[in-house]
There are 2 protein chains.
Amino acid sequence: MTHSEENYLKGIYHLSKGGSVAVATNAIASQMDTKPSSVTDMVKRLSEKGLVDYRKYQGVSLTESGSRQALKIVRKHRLWELFLVEKLDFKWDQVHEIAEQLEHIESEVLIDRLDALLNYPDFDPHGDPIPDKNGVFKTREKKLLSAMPVPSEGLFVGVKDSSATFLRFLDKHRIALGKKVSILEKEEFDHSMRIRLDGEAFRISHQIASNLYIKPNAVP
Amino acid sequence: MTHSEENYLKGIYHLSKGGSVAVATNAIASQMDTKPSSVTDMVKRLSEKGLVDYRKYQGVSLTESGSRQALKIVRKHRLWELFLVEKLDFKWDQVHEIAEQLEHIESEVLIDRLDALLNYPDFDPHGDPIPDKNGVFKTREKKLLSAMPVPSEGLFVGVKDSSATFLRFLDKHRIALGKKVSILEKEEFDHSMRIRLDGEAFRISHQIASNLYIKPNAVP
DNA sequence: AATTAAATTTAGACAAATCTAAAAATTTGT
DNA sequence: ACAAATTTTTAGATTTGTCTAAATTTAATT
C-alpha cells in the first residue's frame, strides 16, 4: 500500500466513524484536502484492491479488509503520538504532523516494540483510544461537556477538536487531560457554561464546551 | 526533497566517501539497485537543484549543499538505528531496513530530541560515526583486522560489511563490538589469521578479517 | 589510429497521484 | 414532475520516478 492509499483509508475511516457507513466523494475530498476528481480516481483503485465498496455516485465504505488496514494506521499514528509526548517531551499540539509521517513506517515488530515500550497504552495524548494489536480498543463513557447536566461532575478525558490552535488555547487556560471538572451553570441564551477546574470557577463558550469530552462521575 | 532524491544523495555520499570525489553513473546505479538511465535522469534533477555537480559522461560529485543534505540523512539513519537497538531491543542485523524508512521523516526537532534521548552518541550499532547537528563526526583510529601487524592488539570497533548475513555470522561466533582482539598469526598462503577473543583463540578467513575494523592499542 | 567494447545518455513509454474543465448523474425546490 | 443546483465522474494533462531499447560518447585494444 502506498502512503496515499493509507491516507485515504484513514480518512474514510474517520468520516465513517470506524464503520461501514458510506461517505460521499466530496466529504472525502475536503477531509483529504484534495479535489473530488482525485478522490474518484483513488477510490477506484482502493475498490479494485478490495479495500472499499464503491458504487458510482453512491459513496464509499470500507470493507472488512479496508477497515483492518485503517485501524492499523490509526494504531500506529496514536502510538507514535504518545511516544513523542512521553519519550521525547513533545507537547500535545506538536505531535500530529510528525505522527502523520511516522504512521507510514512499515514494520509490525517496530509497532509491537513501541507498544511495549509505552506499556500497552489505551489512550493517546488527546484522549483518543489506541487500538490493540487486534484492532480492539478500550471504550469508556464520555460526553461532550456541552451535553453534561447541571449540576454534575466528571473528568476531562479528551478533545473533539485536536487542532494545534485549540490545544494551545486549552494550555493557556490550564485545561489539561485528567483534571476534575464541575459543571455549575448553563446559560440558556448562548449555551455558555460556568465550570470549576482546579478549584477555580470560570465561564466557557459553547464552542469550547462542545469540543471537550468528559467522563461523567458515577452517581449512585 | 523527495525520498528518492534523499536516497540518491546518500548513495552518492557513500560512494564518494563523504567527499567531492566524482562517481560514475554505473556505480550509482548498482549502489541504488536501479538502471543507469534512471540515474542520469535523477542526477540531472539533483544538478538543477544545485545538490550535485554533473557534466555529461564525466560523473557526479556532491556540492557543498548536497553534502550537507547527505550528512543530515546519514545522521538520521544512524541515530534511528541506535534508537532501535538501545530503546526497542532490536539486534544490529535488524535495524537497517527500518532506519532506511525512518531517515526520511522530516523534523529537525525530532532528531535533536532523539539525539538527546540517546545522550548525543558518537557511533551507531555498527560502529559507524554519527555526525552531530553541524555535520561533524568524531574520528578514531581504526584499521581493518586484515591490515593489523602480527603480533598486536586492539578493540573491535566496527564492521565494513554491515549486511544482515555478515552480522549474524559475527553473532554466531560471539564477535561483538567493544571486545578485545589479539592478533596471533597471519598465514601467508591464504591470508587467514589466528586471533584471540574472549580468551579463546581461533582462525578466521581473510574475507572476514577484511571486514572488521580494529582500533589498535596504543604502543608506547 | 581505427575498431571494438564499455559506459552513458536520449527517446519514448508507463504507473502513481494529482489537477482543471467538461460531461453526466443525482438531488432539490417549487 | 421537471428545471436548477449540486455532486460526481470522465477526459485529458502534468509531475515524479522508473523502465527498455536505441543512439552516442568515452575508453580500451590491437
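What you see as residue numbers is a count from 1 along each chain, following the sequence as written. Note on labels: chains are lettered from A, ligands numbered from 1, in written order. Owing to the predicted nature of the model, reporting of local features is limited to residues with pLDDT of at least 70; listing and counting of side-chain atom pairs is limited to 80 or more, with chain, interface and lining totals taken over all residues. Here the side-chain values reflect all heavy atoms present in the structure, with hydrogen atoms and water set aside.

Focus: the overall build of chain A
Operational definition: Secondary structure elements follow DSSP: runs of H or I no shorter than four residues count as helices, runs of E no shorter than two count as strands, and numbering proceeds from the N terminus. Relative accessibility under 20% of the residue-type maximum defines a buried residue, over 50% an exposed one, and the middle range a partly exposed one, all with a 1.4 Å probe and only protein chains included. Only the protein chains shown count as cover for residues, and all accessible areas are computed by the Shrake-Rupley method using a 1.4 Å probe.
From N to C terminus, chain A includes 8 helices and 8 strands. Reported as C-alpha extents along the three principal axes, the dimensions of chain A are approximately 55 × 40 × 35 Å. Buried residues in chain A amount to 44% of all 220 residues. In the form shown here, chain A has an accessible surface area of approximately 11,700 Å², with 48% of it arising from carbon and sulfur atoms.

Topic: the relation of the copies chain B and chain A
Here is the rule: Least-squares superposition of the copies uses the C-alpha atoms of those residues scoring a pLDDT of at least 70 in each of them. Two residues qualify as a contact provided that any one of their heavy atoms is within 4.5 Å of a heavy atom in the partner residue.
At an RMSD of 0.0 Å, chain B and chain A line up after a rotation of 180° and a shift of 0.0 Å along the axis. Expressed as a symmetry operation, the mapping of one chain copy onto the other fits a two-fold axis. Closest approach to the rotation axis within chain B is made by the C-alpha atom of Leu102 of chain B, at a distance of 3.8 Å. Comparing contact sets, 100% of the residues at the interface of chain B also lie at the interface in chain A, consistent with an isologous, same-surface contact.

Section: the packing of aromatic side chains
Convention followed: Ring pairs shown here join Phe, Tyr and Trp side chains whose ring centres sit within 6.5 Å, with only the six-membered ring taken for Trp; geometry is labelled stacked below 30 degrees between planes, edge-to-face above 60, and tilted in between.
Within the structure shown, the criterion is met by 6 aromatic pairs over all chains. Geometrically, the ring pair formed by Phe166 of chain B and Phe169 of chain B is stacked, given 6.4 Å between the ring centres and 10° between the ring planes. Of this pair, Phe166 of chain B and Phe169 of chain B both sit in helix α7 (residues 164-172), 3 residues apart, roughly one helical turn. Each member of the aromatic cluster is reached from another via a ring pair, and the members are Trp80 and Phe83 of chain A together with Trp80 and Phe83 of chain B.

As for the pattern of salt bridges
Pairing is possible between side chains of opposite charge, provided their charged atoms come close. Residues and elements named next belong to chain A. Stated formally: In the sections that follow, a salt bridge refers to a side-chain nitrogen of Lys or Arg positioned within 4 Å of a carboxyl oxygen of Asp or Glu.
Overall, the coordinates contain 32 salt bridges over all chains when judged by the stated rule. As a salt-bridge pair, Asp93 and Arg168 come within 3.0 Å of each other at their nearest N and O atoms. Separated by 75 residues along the polypeptide, Asp93 in the loop between α4 (64-88) and α5 (96-102) and Arg168 in helix α7 (residues 164-172) bring together distant segments of the chain. Judged by relative accessible area, which is 12%, Asp93 ranks as buried. Of the charged contacts in the structure, one is a salt bridge between Lys180 and Glu153, with a shortest N-O distance of 3.9 Å. Linking Lys180 in strand β5 (residues 180-186) with Glu153 in strand β4 (residues 152-159), this pair joins segments that are 27 residues apart in sequence. Of the residues examined, Lys180 reaches a relative accessible area of 48% and is grouped as partly exposed. Residue Glu153 is classed as partly exposed on the basis of its relative accessible area, which comes to 34%.

Overview of the domain arrangement of chain A
The line we're drawing: Where each domain starts and ends comes from a domain assignment, either automatic or drawn from a database.
Splitting chain A by domain gives domain 1 (3-62) and domain 2 (143-216). Look at where the C-alpha atoms of domain 1 of chain A and domain 2 of chain A centre, and you get two points 33 Å apart.

Here we look at the nonpolar core
Here is the rule: To define a nonpolar core, start from buried Ala, Val, Leu, Ile, Met, Phe, Trp, Tyr and Cys residues and group those joined through side-chain atoms within 4.5 Å.
Trp80 and Leu84 of chain A together with Leu84 and Leu102 of chain B are the most contacted members of the largest nonpolar core, which totals 34 residues. For this core, the secondary-structure elements that each account for two or more residues are α4, α5 and α6 (108-117) of chain A together with α4 (64-88), α5 (96-102) and α6 (108-117) of chain B. Excluding residues that lie within four positions of it along the chain, Leu84 of chain B makes contacts with Leu110 of chain A together with Asp89, Phe90, Val95, Ile98, Ala99 and Leu102 of chain B.

A few points about the sheet that holds strand β5 (residues 180-186) of chain B
Residue and element names in this part refer to chain B. Quick reminder of the rule: When DSSP locates at least two bridges between a pair of strands, those strands are taken to pair.
Across the sheet, 6 strands lie side by side as β3-β8-β4-β5-β6-β7; this open sheet has antiparallel pairing. Of all strands in the sheet, those bounded by a partner on one side alone are β3 (143-144) and β7 (200-204). Sheet topology note: the β3/strand β8 (residues 212-216) ladder contains 2 bridges and is antiparallel. Residue pairing in the sheet places Leu144 in a bridge with Tyr213 of β8.

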